[in-house]
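# Working through the structure, step by step
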Amino acid sequence: MGADLAWPSERVLAFGLFLRESGFQIGPQEQRDFLRVLHAKPLTTLGEVQLLWRPIACHSKRDHMAWQDLFLRFWEPHRTRGTTKVSGQTKPSRNLQQRVEQAKAHDSQTSQQANKHSASGQTDARCGTGEDDTEKKPSERSMGGASTVDALHDRESQMWMPSDLNSLEQLARGIHRRLPQTRTRRWQSSIHGLKLDGRRTLRKSASLLGDSLIPCWKRRRREPIELILLNDVSRSMEAHAALALRTSRAFHRVMGARVFVFHLRPIEVTDLMRRDTPAVQERINAVTAGFQSGTRIADSIRALHSHRPSVSFNRRTRLWIFSDGFDTAPSDQLACELQYLNDKGVKVDWFYPTRQAPTSQAAKAASAMVSEWLPAHDFVSLRSSLLNLAF
Amino acid sequence: MNAPSPQMAGSTIGLLREDLARAGYFADESLASVVWLAEHLERPILLEGEAGVGKTALAAALSKTLNRPLIRLQCFEGLDLADAAYEWNVARQLMAIRLKPEATEANLYTRDYLLAKPLLAAITQPEGAVLLIDEVDRADEAFEAYLLEVLSEFQMSIPELGTLHANVVPRVILTSNGTRSLSDALRRRCLFHVVEYPDPFRERCILQASLPDADIRLVESVVTVVQGLRNEDLQKRPGLAESLDWLRALHHCGHKELPDDFTQIHQTLSCLLKTREDRFAFGPDSYRQLQERYGR
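Here the structure is a predicted model, which means the values were calculated and not measured.

## Quick word on the overall build of chain B
Across its full length, chain B holds 15 helices and nine strands. Of all 296 residues assigned to chain B, the portion counted as buried reaches 33%. Excluding contacts between residues fewer than 6 apart, the proportion of contacts in chain B whose partners are at least 24 apart in sequence is 77%.

## Some points on the interface of chain B and chain A
Frequently, the measure chosen for interface size is the accessible area removed from exposure when the parts meet. With 24 residues of chain B in contact, the opposing surface of chain A contributes 24 residues. Of all the elements, helix 2 (residues 29–41) of chain B adds the most residues to the side of chain B that touches chain A, at seven residues. Looking at side-chain class alone, the side of chain B that touches chain A contains 12 nonpolar, six polar and six charged residues.

## Quick notes on the sheet that holds strand 1 (residues 181–189) of chain A
Sheet strands pair via backbone hydrogen bonds, and the direction of the pair is either parallel or antiparallel. Residues and elements named next belong to chain A. Ordered in space as 1-3-2, the three strands form an open sheet in which the pairing is antiparallel. Of all the strands in the sheet, the pair left with one neighbour each is strand 1 and strand 2 (195–196). Across six bridges, the pairing between strand 1 and strand 3 (residues 217–224) is antiparallel. Directly across from Trp187, in strand 3, lies its bridge partner Arg220.

## Concerning unusual backbone geometry
Note on backbone geometry: most residues besides glycine have negative phi, and most peptide bonds are trans. Residues and elements named next belong to chain B. At Glu42, a position not held by glycine, the phi torsion is positive, near 55°. By the element assignment, Glu42 lies in the loop between helix 2 and strand 1 (45–48). For Glu42, a count of 15 C-beta atoms within 10 Å puts it in the partly exposed group. Within the chain, Asn67 stands out as a residue other than glycine whose phi angle is a positive 60°.

## A short note on the environment of Thr124(B)
All names here are of chain B. Along the polypeptide, Thr124 turns up in helix 7 (residues 118–124). With 19 C-beta atoms packed within 10 Å, Thr124 lands in the partly exposed category. With residues near it in sequence (within four places) discarded, Thr124 still touches Ala116 and Leu164.

## Brief notes about helix 3 (residues 55–66) of chain B
All names here are of chain B. Over its 12 residues, helix 3 runs 17 Å from end to end, which matches the ideal 16 Å to within 8%, given 1.5 Å per residue. Regarding helix 3, the residues found buried are Lys55, Leu58, Ala59, Ala61, Leu62 and Ser63. In the segment just after helix 3, Asn67 is the residue with positive phi, at about 60°.

## Some words on the sheet that holds strand 1 of chain B
Residue and element names in this part refer to chain B. One open sheet accounts for five strands, arranged 2-5-8-1-9; its pairing is parallel. In the strand order of this sheet, the two ends are held by strand 2 (70–74) and strand 9 (191–194), each with one partner. Strand-to-strand twist of the sheet, defined as the mean angle between neighbouring strand axes without regard to direction, takes the value 20°.

## Remarks on the pairing of strand 9 (residues 372–375) of chain A
Residues and elements named next belong to chain A. Pairing of strand 8 (residues 347–352) with strand 9, which is carried by four bridges, proceeds in the parallel orientation. Bridging from a neighbouring strand, Trp350 pairs with Trp373 of strand 9. For the crossover from strand 8 across helix 16 (residues 361–366) to strand 9, the handedness is right-handed.

## Let's talk about helix 3 (residues 46–57) of chain A
The terminal C-alpha atoms of helix 3 of chain A, which comprises 12 residues, lie 16 Å apart, in line with the 16 Å expected from a rise of 1.5 Å per residue. Turning to helix 3 of chain A, its buried residues number three or more, namely Leu51(A), Leu52(A), Trp53(A), Arg54(A), Pro55(A), Ile56(A) and Ala57(A). Where helix 3 of chain A is buried, its residues meet helix 1 (9–21), helix 2 (28–40) and helix 4 (61–75) of chain A together with helix 2 and strand 9 of chain B.

## Digging into the pairing of strand 3 of chain A
The pairing of strand 2 of chain A with strand 3 of chain A spans two bridges and is classified as antiparallel. Of the residues in strand 3 of chain A, the one forming a bridge with Lys195(A) is Lys218(A).

## What to know about the nonpolar core
Among the nonpolar cores identified, the biggest contains 83 residues, and Ile45(B), Leu119(B), Leu174(B), Leu191(B) and Val222(B) are the most heavily contacted of them. With residues near it in sequence (within four places) discarded, Ile45(B) still touches Val34(B), Ala38(B), Ile173(B), Leu174(B), Cys190(B), Leu191(B) and His193(B). Ala172(A), Ala242(A), Leu245(A) and Val348(A) belong to the second-largest nonpolar core, a separate cluster that totals 49 residues.

## Notes on the confidence of the model for chain B
Regions with low pLDDT should not have their predicted coordinates read in detail. Residue and element names in this part refer to chain B. Overall, the predicted model of chain B reaches an average pLDDT of 86, with 95% of residues at or above 70. Across residues 1–10, where pLDDT falls below 50, the model places 14 contacts with residues more than four positions away in sequence or in other chains. At the level of chain-chain contacts, confidence expressed as ipTM amounts to 0.82, with global pTM at 0.68.

## Some thoughts on the packing of helix 10 (residues 200–210) of chain B against helix 11 (residues 216–230) of chain B
In helix packing, the relevant descriptors are the interaxial angle and the interaxial distance, both defined with respect to the helix axes. Residues and elements named next belong to chain B. Put simply, helix 10 and helix 11 touch, their axes get as near as 10 Å, and they point 135° apart. Put simply, helix 10 runs oblique to helix 11. Classified by chirality, the crossing of helix 11 by helix 10 is right-handed. Along its contact with helix 10, which presents Pro200, Glu203, Arg204, Leu207 and Gln208, the element helix 11 presents Val219, Glu220, Val222, Val223 and Gln227. Class assignment of the residues belonging to the contact of helix 10 with helix 11 gives a composition of five nonpolar, two polar and three charged.

Reading the values: rules and limits
Residues numbered from 1 in each chain as written. Chains lettered and ligands numbered in written order. Predicted model: local features only at pLDDT ≥ 70, side-chain atom pairs only at ≥ 80, totals over all residues. Helix = DSSP H or I, 4+ residues; strand = E, 2+ residues; numbered from the N terminus. Buried ≥ 20, exposed ≤ 12 C-beta atoms within 10 Å, placed from the backbone. Contact = placed C-beta atoms within 7 Å. Nonpolar A, V, L, I, M, F, W, Y, C, P; charged D, E, K, R; others polar. Pairing = 2+ DSSP bridges. Expected span 1.5 Å × (residues − 1). Axes fitted to C-alpha atoms, helices over the stretch in contact; angles between N-to-C directions. Right-handed = clockwise from strand over helix to strand, strands pointing away. Core = buried A, V, L, I, M, F, W, Y, C linked by C-beta atoms within 7 Å. pLDDT = per-residue confidence, 0-100. Parallel < 35°, antiparallel > 145°, perpendicular 65-115°, else oblique. Left-handed = near helix turned anticlockwise from the far one by under 90°.

Structure below.
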């Protein structure tokens, strides 16, 4: 697209609309800036326009990554329409004439083979299995000793679209805003405080040579609730753990929630939640796959509050458990552990991956110690559960 | 600010890159375009990226290039107006009352008694300034909301004085490490750019310019290893600052090229790997594998 080619305002506006439909936040300001750039600089290539419009249109890293593709799709549709990505070896292209010749050659070859077999009169059974042998040859896919099983992070059931993750983060942001802040015993200076901060008032007065008394005020410091997520990744939760872990990741990114997974004992995976790479996704999938030989919910909770000094449980702590409630420990043990947490002021919410609340004996015994039992069998139910959560 | 003329604008981005390079900052074309746009549209730049990729350094280089003072505001949790914008000089006001008992309130709340903190200082700088608001994601949301007026209108409202406008629009650079998501309102007021790790060629140029005495073989080896490490699954991937530190350390140890013996470089690895887990994961075997994989 040359410099002499006009960039009609209508097309630029249409591009803005196209971006908006693609999830970008494009308003009149951005569209005006697009036009200002075009008028300010004689642009000779589409690449230049793309470079200069990108900082105006993109407001997040996700926008940044999607930008080039969207830009080319709108301004150079012929370059993007109908193209496919291929991997591995591809067959050389052939024209119609070559195809006809090849078909003829194939026909003649098969007829020759048939004549040969009939002429020899042989009825060797192996002749009939000649094609079977070729069929039994290992396919190109399985050659080279590579596993024919896709990597875990390539499985469709484990893959999440960026829009899904975005929705989860938006949901987490909404919950974070609703979470109440609790007053601590500590004080902080604030002009809106109602209690006089004697020490600071005197210090300030001393700095003014005792000439004047400027009152300094303080109020109780408010701190956000500390969220701890405990995800069951045992075999019975294999199909649901992905949702729980993605949810945990969203809450970690938005409000720094600490994330643990457990099967027989709890393991902290908060650090893994910080990074967004295929390797991390692989690891997250790995912890959700293939566990068996029982689930120890009560033992895991005890290990969390007894053997992990870094995890403090108090009235500012909110514990969310993602589990189906099947515990191999004695059924009353879970209730005891949750009672211990309740006594410390911890509020416990339980997200279960089924439509009905867990019916296991352990879950039934612990039902009084859990603030809310919430269904989370899919994103819709999780969303409605979180939105209805009482704070 | 006057917009650059169309004749000049064609080569402005290229010239800007050269100017920044002279100031010791090797910007790629996309980043130079953002800086050019910021100047033309009078908009702040919001730079996001991993720690140590050169976000803060851009402000310093821009300050040198434009020959304007660099005013830095380091954000942290609990940053308030008195630290960031302005504060009344109460001691001076009291002294004025003593010296002139007839002084009225209007006389006491004037520019003379105003202590300018970074935001106000940047706006009132007569020759303009480069304002760096570093790690804005560490500040509270309330402060972020206060920034909106400053960044969109380049003005500041002081109840006792009125609204102060910038005579010369400051070049504003905000940096964020992404520890907290910033509000859409702030993002929309800025030109957004993600600063990625530099490619091997640019990293080599930066290292050579920063440490011209270092042997070229050492520089190339350091770039190769650091680029390789960035593809590994590390908790904290080494940035440009880390590779520069590592090069300096190796250079001071008298190495002309990267030694094959891991024990010799082990002492200097603290410049490169910043977490215990990464140090543990990167042993002699990993080093050897990295060398083999990236062709040393």
